[in-house]
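If you want the building blocks of each chain, they are given just below.
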Amino acid sequence: MFRSNNLAARVFERQILTPRPGASVNLVRHFYENLVPSCTIYDIDCPDHSFRKFTDDGQYLVSFSRNHQDLIVYRPTWLSFSCEGEDCDSHSLPQKAKRFDSFFTQLYCVSLASSNEFICKDFFLYMESHQFGLFATSTAQSHDAPTTEGAIDGVPSIERITFYLVRLEDGVILDEKAFCNDFVNLAQSMGVFLYEDLLCIMSLRYQTIHILQIRDSGNLVDVRNIGIFCREDDELFINSHAHCMGILDKSKLDDLSAHEVANDVQHHQVTQGTSLLSGIKQRLLSFIFRKTWNEEADPTLSCLEKDNDEIMLLFQRVQHLKKKFYFHFQDYVDLIMWKVQFLDRHHLLIKFGSVDGGVARSTDQQPAFFAVYNMETTEIVAFYQNSSEELYSLFEQFYDYFHANSRNSLHASFISSHSNNTHALDQLWCIKNKTNNISQFVKKMMTSLPCTCQSQSPSPYFDLSLFRYDEKLISATVRHRHSTEHPIKFISRRQPNILKFKIKPGPEAGGSDGRPKRISSFLFHPYLPFALSIQQTYMQPTVVNIHFRR
């Protein structure tokens, strides 16, 4: 629609031209080709805080104190100053521009953690509709915790994990939820997923998915737990059934008291009979059994069905079941839940794997499985291995559905992905065509599932239909990266040879010594031409740069 690079001309064209239905927001985003961060203030004078991210509505900047005890929230403002003369752009910025408080106003500082607890600096989820923020504190992690009933061996324990629901407008703590002697993966919010007003928390140690609802009043309300039991009355039913079985077993043991030789065997059988698989594992094994039973193990099965040779057909199915199900039965039983996410209000995507992979940083080489679970019917409705090309096809075509962005979030709906952007899809296909082992490629792609909640910046400068940049150095995914000495270039997608702006982390003159390891992170405002670049170097002060449009 726009043909001119002049901002004033684009505004005039917007007044007289009407966009296609449903394309108005994408059309407005094209203005960012002209509205770019054109000025950088290096090594700004700012408080020594750990800056987390901007909220998706751009109203708040969330940060934590260096001792990981306090939550500090800022309101982004804009630098304002006066100058003499007509050409203000030729004047240098005033001295106050190098101060952090010229761009941000501190709203409050709230203490969340106690003396033996620390705020998890990588964890923060935002409920945009109510401006609620979810934070987490925890005590130190222990790898030598004693095994308790129901806990998984090999999973570390944290004495106390507390989730706090905070109203970001004034810093009031509305509610909290504590887990004791448990383990929830809080790094990059991996163990927690927020969808609209529903929250799921994955307890790795006790293999339980806790579903909570965030009420308008700011209360965290338990909805259901999925793990040992799947329905609300499962525990009552099993306990009543076990009570009846206990009475019967006691009478049987009394009758067998005369047979002392066989007594030990009978005791062993009764003990074994009381051990049950968890509810979610029962559903999983039942689904795998039925799926394997209904598969055609041999092309001649269709002919056998026509000939009504039911005995031979049954024999073939049993043999197929032995190879595909019973041979791997113990492997399926040993699976634990690693990670979970909402697909919608009724379905969960659950990742299963070995105990070692549940707490490992890298799971590329770990065997893993994915199951789609219906919370209402308590049924597994789909099951895939991480090398499944069918699952990869769904991942490639419907990637946005896996992110399950809230319908209330305006900005998060326009994050570029290979299912909504041709340039991102071309990049994915290019990587796919270069691979020598398609199975390993699929496994590598599947490591991103289930998706991490609110892990991407909705900034229009990461829109691949507007700008091109090196995704090894910077991307919409909010995470730390190895720093580079050279500026990161953002090039116009419409005009391939036109450099729009550059982002350079660290000091203006660059690092004096290339040996220390430097880590950079980038915080982009969701809609303003404004960004923070934060460079951290071992045993050296943090360098914070502000990039904005002057």
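Residues numbered from 1 in each chain as written. Predicted model: local features only at pLDDT ≥ 70, side-chain atom pairs only at ≥ 80, totals over all residues. Heavy atoms only, no water.

By the naming in an unreviewed UniProt entry, the chain is Light-mediated development protein DET1 isoform X9, taken from Phoenix dactylifera.

K.L.:
An account of the side chain of Q69 is needed here, citing residue identities and associated values.
P.N.:
Note on placement: Q69 falls in the loop between β3 (61-65) and β4 (70-76). A relative accessible area of 14% means that Q69 is categorised as buried. Here S114 takes part through its backbone oxygen, which lies 3.5 Å from a polar atom of the side chain of Q69. Dropping the residues within four chain positions of it, Q69 is found in contact with V110, S111, L112, A113, S114, S115, E117, F118 and I119. (Helix = DSSP H or I, 4+ residues; strand = E, 2+ residues; numbered from the N terminus. Buried < 20%, exposed > 50% of the residue type's maximum accessible area, 1.4 Å probe, protein only. Polar contact = N/O pair within 3.5 Å; in protein donor to acceptor, adjacent residues only side chain to side chain. Contact = heavy atoms within 4.5 Å.)

K.L.:
Tell me about the sheet that holds strand β18 (residues 368-374), and name the residues and values.
P.N.:
Spatial strand order, β16-β17-β18-β19: four strands in an open sheet with antiparallel pairing. The open sheet is flanked by β16 (336-342) and β19 (379-385), the only strands paired with a single partner. Neighbour to neighbour, the strand axes of the sheet diverge by 25 degrees on average, direction disregarded. As paired strands, β18 and β19 are joined by six bridges and run antiparallel to one another. When the bridges of β19 are listed, F370 appears paired with Y384. Those strands touched by helix α5 (residues 279-294) are β16, β17 (347-353), β18 and β19, and its axis lies near 70 degrees from that of β19. (Pairing = 2+ DSSP bridges. Axes fitted to C-alpha atoms, helices over the stretch in contact; angles between N-to-C directions.)

K.L.:
I'd like a rundown of the packing of aromatic side chains, residues and numbers included.
P.N.:
Following the criterion strictly, the structure yields 39 aromatic pairs and no others. Taking 6.0 Å as the distance between ring centres and 90 degrees as the angle between the ring planes, the aromatic pair formed by F64 and F135 counts as edge-to-face. Of this pair, F64 sits in strand β3 while F135 is found in strand β8 (residues 132-138), placing the two residues 71 residues apart along the sequence. Of the residues examined, F64 reaches a relative accessible area of 0% and is grouped as buried. The class of F135 is buried, set by a relative accessible area of 0%. (Phe/Tyr/Trp six-rings, centres within 6.5 Å; stacked < 30°, edge-to-face > 60°.)

K.L.:
Any chance you could break down the packing of helix α12 (residues 422-434) against helix α13 (residues 438-446) for me, citing the residues and the numbers?
P.N.:
Relative orientation of the contacting elements α12 and α13 amounts to 140 degrees, with a least axis distance of 9 Å. When the axis of α12 is compared with that of α13, the two are oblique. For the pair formed by α12 and α13, the contact residues are L428, I431 and K432 on the first element and I438, F441 and M445 on the second. Counted by class, the contact of α12 with α13 contains five nonpolar, no polar and one charged residues. (Parallel < 35°, antiparallel > 145°, perpendicular 65-115°, else oblique. Nonpolar A, V, L, I, M, F, W, Y, C, P; charged D, E, K, R; others polar.)

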